[in-house]
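Coordinate inspection notes
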Number of protein chains: 4
Amino acid sequence: MNEATIDQRLTGDLQERMPLAGTLGIEFFSAAPGGVRARMAWLPERCTSDGILHGGAIMAFADTLGGFLAFLNLPDGATATTTIESKTNFFRAVRSGHIYAEAKALHAGRSTIVIDTELSDDAGKRVARVTQTQAVLRG
Amino acid sequence: MNEATIDQRLTGDLQERMPLAGTLGIEFFSAAPGGVRARMAWLPERCTSDGILHGGAIMAFADTLGGFLAFLNLPDGATATTTIESKTNFFRAVRSGHIYAEAKALHAGRSTIVIDTELSDDAGKRVARVTQTQAVLRG
Amino acid sequence: MNEATIDQRLTGDLQERMPLAGTLGIEFFSAAPGGVRARMAWLPERCTSDGILHGGAIMAFADTLGGFLAFLNLPDGATATTTIESKTNFFRAVRSGHIYAEAKALHAGRSTIVIDTELSDDAGKRVARVTQTQAVLRG
Amino acid sequence: MNEATIDQRLTGDLQERMPLAGTLGIEFFSAAPGGVRARMAWLPERCTSDGILHGGAIMAFADTLGGFLAFLNLPDGATATTTIESKTNFFRAVRSGHIYAEAKALHAGRSTIVIDTELSDDAGKRVARVTQTQAVLRG
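A brief structural summary. On a predicted model such as this, the values are computed, not experimentally measured, just so you know. (Residues numbered from 1 in each chain as written. Chains lettered and ligands numbered in written order. Predicted model: local features only at pLDDT ≥ 70, side-chain atom pairs only at ≥ 80, totals over all residues. Heavy atoms only, no water.)

What follows deals with the overall build of chain A. Each helix and strand counted, chain A has three helices and six strands in total. Here the C-alpha atoms of chain A give a radius of gyration of 14 Å, agreeing with the 14 Å that 2.2 N^0.38 yields for 139 residues. Principal axes of the C-alpha set define a box for chain A whose edges measure 45 × 30 × 25 Å. In chain A, buried positions account for 55% of the 139 residues. Looking at chain A alone, contacts between residues at least 24 apart form 61% of all its contacts between residues at least 6 apart. Within chain A, the 15 negative side-chain charges are centred at a point lying 5 Å from the centre of the 14 positive side-chain charges. (Helix = DSSP H or I, 4+ residues; strand = E, 2+ residues; numbered from the N terminus. Rg over C-alpha atoms; globule rule 2.2 N^0.38 Å. Buried < 20%, exposed > 50% of the residue type's maximum accessible area, 1.4 Å probe, protein only. Contact = heavy atoms within 4.5 Å. Lys, Arg positive; Asp, Glu negative; His and termini not counted. Charge placed at Lys NZ, Arg CZ, Asp CG, Glu CD.)

What follows is the structure, encoded as C-alpha cells:
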C-alpha cells in the first residue's frame, strides 16, 4: 500500500468536508464503494506519551475512512450515516513514518452498514483493526 | 459536571505529556485513581461533516482519559499501560459547547485494567460510552 | 440480588418463548422496561474446561436478558428487535453457584436500543459486563 | 466449508473437555494453530423466539473455537488462556440447517492472542463475525 499515490483532489475535498481529517493530516489514496484507502503521518502532535502515535488518533483516522465508505455505500433514499458503535483492537505501536488504512464493507444493508478497517505500519505489519456499525439515515 | 473548575496545572502537564490532548484541547477537572474528569470544546477543526463533533475526536478524548486513569491505577512493579482494545457506543451528536467525560475503573487487575468512560453534553445528556482494556506493562 | 424470588410464571413463559433460555436454565426474578433480572446456575454441561462456566454460556445468558429487555422497550409501531452487535468484558471465573445478571437500557431510541448488562457471582463480585445494540424492527 | 468431513475423534475429545460444546452439539472439521473449523446444527433448543438460532448460541459457538485456537497458539511457558473480551457483529438470521465457523489468529503475542471468527450459513452467506482477545496465563 506504501507505493500508492495520494489523490490530492480527493484529499482536499475530504479535509474540507470533514475538518478533523485535515487536523490529523489524513491523505487519501482512493475511494470507491468497494474500499477506501488512506494514510496518516506520525507527528508529535498526534502522539500520546513516549512518542507513540495516540490510539485515539488511530481510531479517529479509521472512523474517518469508515464514515466516508459508508457514505459511498448508501442505499437508495438514504442521505447520510452516523457511527453508532466502533470496536478497535490494537496490536503494535507506531513511533515514526505513516500508518495506512484500508476500509471495506462487511455488510451493506438497508438500515446499517458494517465496516472493517485494517491498519498497518510502514513495514506492512498490522497495527490495529476496527469494526464499526454505521446507521443509515433517511430524510 | 459543567460547574467544575479546570485544573490548569494538571491540564498543562497532561497536554505536554500526551501531545494529542493539546491538539484536541482536552481540559482536566480532576484525576485520581478513583476517576478522571475532563472536557473538550466543540470546534470546527474537531468536526466531521455538517458541524458535528467527529466521533474520532470523541474516542480520542475518551482514550486519553482512559490511558491516564490506567496509569493512576498501575499495580506495583508496573511501569505503563497500553490500550489493547476499545469499544464505543454513540448516542447523540454534539454540535456546539463542550463534551464532558468521566472515566472510572471497572476492574484493576495485575495484567489488565478495564475502564468505563461516560460522555455527556452541556445538557447532561449521554453522548457516548467507552469501555476499554488497558494491558499492564512491566519492565 | 441473591435474595430475590424467582418468578416461576415469567420463567416458564420465557423458557417456552426462547428455548435456549430453557436449555441454559435461565431463571427470571423480574422484568420491566426499567430492567430485567435473572440468574443461571453453574452446571458441568454449561462449562468450558476445568469446571469453569463457559464464557459463551455467560454471553448467551446476557443476550437473553438483553433481547427481552429490548422487547419491553419497543417504541410504538415496532414489532421486534434483533441483536446487531454485542461486546462483553470478562473479569472473573465462575466455578460454582449461580451467576446473576441485571440488564438496563442505556438508550432506547426509534431505531436502536442499547443495553447494558452487569453480571456478578454469588459473592456479588463483577463477573462480566455486556453492552449490546438491538435494532428495532417494524412491520 | 459445507463439504468438509467431521473429525469424530476431535469432536469427541473437545465435547468431553469443554462440556458446553457437547450441549450445543458443536462438530469440528479440523483444528491447527493456523485455524479451527466447526459447525453447529440449528435445533429448536438452541433458538430464541420465532425459530431463529439464538445469538447467544452463536457467540458460545464462536467462543468455543476461539478458546481452542488460542490454546493451540500458546507461547512457550504458558498453560492456558481465558477470554477477556469478545465482540460480535450479527448480519443475518439462521432458521434451519447449520452454522459454520472458522477461527483464525489475528495476533498471537506473549500476553494476548486475538482471534477472528467468521460465521456463515448453509448458503455460505456471512451470519456473524467475532473478534476476541484471549489472555495468556502462566503457571
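Taking strand neighbours across the sheet as the criterion, the twelve strands line up as S1(A)-S2(A)-S4(A)-S5(A)-S6(A)-S3(A)-S3(B)-S6(B)-S5(B)-S4(B)-S2(B)-S1(B) in an open arrangement whose pairing is antiparallel. Edge positions in the open sheet fall to strand S1 (27-32) of chain A together with strand S1 (27-32) of chain B, since each of these has one partner strand only. Taking each pair of neighbouring strands and ignoring which way they run, the sheet shows an average axis angle of 20 degrees. Contacts from helix H3 (residues 55-72) of chain A reach S1, strand S2 (35-41), strand S3 (78-90), strand S4 (98-108), strand S5 (112-121) and strand S6 (126-138) of chain A together with strand S3 (78-90) of chain B within the one sheet, and its direction differs from that of S2 of chain A by about 155 degrees. (Pairing = 2+ DSSP bridges. Axes fitted to C-alpha atoms, helices over the stretch in contact; angles between N-to-C directions.)

Moving on, we come to the interface of chain B and chain A. On the side of chain A, 28 residues touch chain B, which itself brings 28 residues to the contact. The contact between chain B and chain A buries some 2200 Å² in all, and 61% of this surface belongs to carbon and sulfur atoms. On the chain B side of the contact with chain A, Leu20, His54 and Met59 of chain B bury the most area, a combined 23% of that side's loss. Between the two partners, chain B and chain A, sit two salt bridges. (Buried area = accessible area lost by both parts, 1.4 Å probe. Salt bridge = Lys/Arg side-chain N within 4 Å of Asp/Glu carboxyl O.)

What follows covers the sheet that holds strand S4 (residues 98-108) of chain D. Paired through backbone hydrogen bonds, the strands of a sheet run either parallel or antiparallel to each other. Pairing is antiparallel across the open sheet formed by twelve strands, whose spatial order is S1(C)-S2(C)-S4(C)-S5(C)-S6(C)-S3(C)-S3(D)-S6(D)-S5(D)-S4(D)-S2(D)-S1(D). Because the sheet does not close on itself, it has two edges, and the strands there are strand S1 (27-32) of chain C together with strand S1 (27-32) of chain D. Strand-to-strand twist in this sheet, taken as the mean axis angle between neighbours without regard to direction, amounts to 20 degrees. Sheet topology note: the S4 of chain D/strand S5 (residues 112-120) of chain D ladder contains eight bridges and is antiparallel. Each bridged residue has a counterpart across the sheet, and for Glu102 of chain D the counterpart in S5 of chain D is Glu118 of chain D. Contacts from helix H3 (residues 55-72) of chain D reach strand S3 (78-90) of chain C together with S1, strand S2 (35-41), strand S3 (78-90), S4, S5 and strand S6 (126-138) of chain D within the one sheet, and its direction differs from that of S2 of chain D by about 155 degrees.

Below, the discussion takes up the packing of H3 of chain A against helix H3 (residues 55-72) of chain B. Viewed as axis vectors pointing N to C, H3 of chain A and H3 of chain B meet at an angle of 165 degrees, and their least axial separation amounts to 8 Å. Relative to H3 of chain B, H3 of chain A is oriented roughly antiparallel. The handedness of the crossing between H3 of chain A and H3 of chain B is right-handed. For the pair H3 of chain A and H3 of chain B, contact is made by Gly55, Gly56, Ala57, Met59, Ala60 and Asp63 of chain A and by Gly55, Gly56, Ala57, Met59, Ala60 and Asp63 of chain B, respectively. (Parallel < 35°, antiparallel > 145°, perpendicular 65-115°, else oblique. Left-handed = near helix turned anticlockwise from the far one by under 90°.)

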